[in-house]
Amino acid sequence: MARFRGSLIEILLCLLAALGYFQTKGLQCALDQFACGNQTCIPENWWCDGDNDCDDHSDELNCPEKTCDPVTKFQCKTVDRCIPRRWVCEYDNDCGDNSDEPPDCGMEVTFN
Ligand SMILES: [Ca+2]
Ligand SMILES: [Ca+2]
């Protein structure tokens, strides 16, 4: 009987240890989700899509390098994002870092 009680305590200790393990392991996202740095899950296809979906930009960090079509696209300076050239200098911060709205837009504004 004493031996049985001892193993029960061992099982309880193991369960508590497992619980602690899962708590410290942190966020568990579904297989088709991306785990943000701030403990939220977003759809996997939002990773590196140019939008800050995690709110901490962790879904837009360490992204594979993109190449912008130099004729039709504009490469944002600090954000890994390509935007249509017509979005440059139209008073909307499309890049997120304002590089598409430089102070010297002035006379170079083209609408097409
Ligand atoms: Ca994103
Ligand atoms: Ca813009």
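Predicted model, so just to flag it, every value in this text is computed and none were measured.

K.L.:
How should I be thinking about unusual backbone geometry in this particular structure?
P.N.:
Leave glycine aside and you will find that most residues have negative phi; peptide bonds, for their part, are mostly trans. In the Ramachandran plot, Cys48 falls in the positive-phi region, its phi being about 60 degrees despite a non-glycine side chain. Summarising the element assignment, Cys48 is placed in the loop between β2 (41-43) and β3 (73-75).

K.L.:
What am I meant to see in the confidence of the model for the protein here?
P.N.:
Detailed reading of predicted coordinates is not advised where the pLDDT is low. Taken over all residues, the pLDDT of the protein has a mean of 80, while the share at 70 or more is 71%. In the model of the protein, helix α1 (residues 2-25) stands out as the element of lowest mean pLDDT, 54, in contrast to β2, which has the highest, 97. Note that residues 18-25 has pLDDT below 50 and, in this model, zero contacts with residues that lie over four places away or in other chains.

K.L.:
Explain the nonpolar core to me, please; I cannot follow it from the model alone.
P.N.:
Soluble globular proteins: nonpolar side chains tend toward being buried together. The biggest cluster of nonpolar side chains holds six residues, and these are Phe74, Cys76, Val79, Ile83, Val88 and Cys95. Setting aside chain neighbours within four positions, we find Cys76 in contact with Arg81, Ile83, Cys95, Asp97, Ser99 and Asp100.

K.L.:
Please clarify how the environment of Asp53 should be interpreted in this entry.
P.N.:
Structurally, Asp53 is set in the loop between β2 and β3. Sequence-wise, Asp53 and Pro43 are ten residues apart; in three dimensions their C-alpha atoms are separated by 9.4 Å. Those residues in contact with Asp53 that lie beyond four places of it in its chain are Ile42, Trp46 and Asp59.

K.L.:
How do you make sense of the environment of Thr67 when you look at a structure like this?
P.N.:
Tracing the backbone shows Thr67 in the loop between β2 and β3. Of the residues examined, Thr67 has 8 C-beta atoms within 10 Å and is grouped as exposed. Along the primary structure Thr67 and Arg81 are separated by 14 residues, whereas in three dimensions their C-alpha atoms are 8.9 Å apart.

Cut-offs used in this document
- Residues numbered from 1 in each chain as written.
- Chains lettered and ligands numbered in written order.
- Predicted model: local features only at pLDDT ≥ 70, side-chain atom pairs only at ≥ 80, totals over all residues.
- Helix = DSSP H or I, 4+ residues; strand = E, 2+ residues; numbered from the N terminus.
- pLDDT = per-residue confidence, 0-100.
- Contact = placed C-beta atoms within 7 Å.
- Core = buried A, V, L, I, M, F, W, Y, C linked by C-beta atoms within 7 Å.
- Buried ≥ 20, exposed ≤ 12 C-beta atoms within 10 Å, placed from the backbone.

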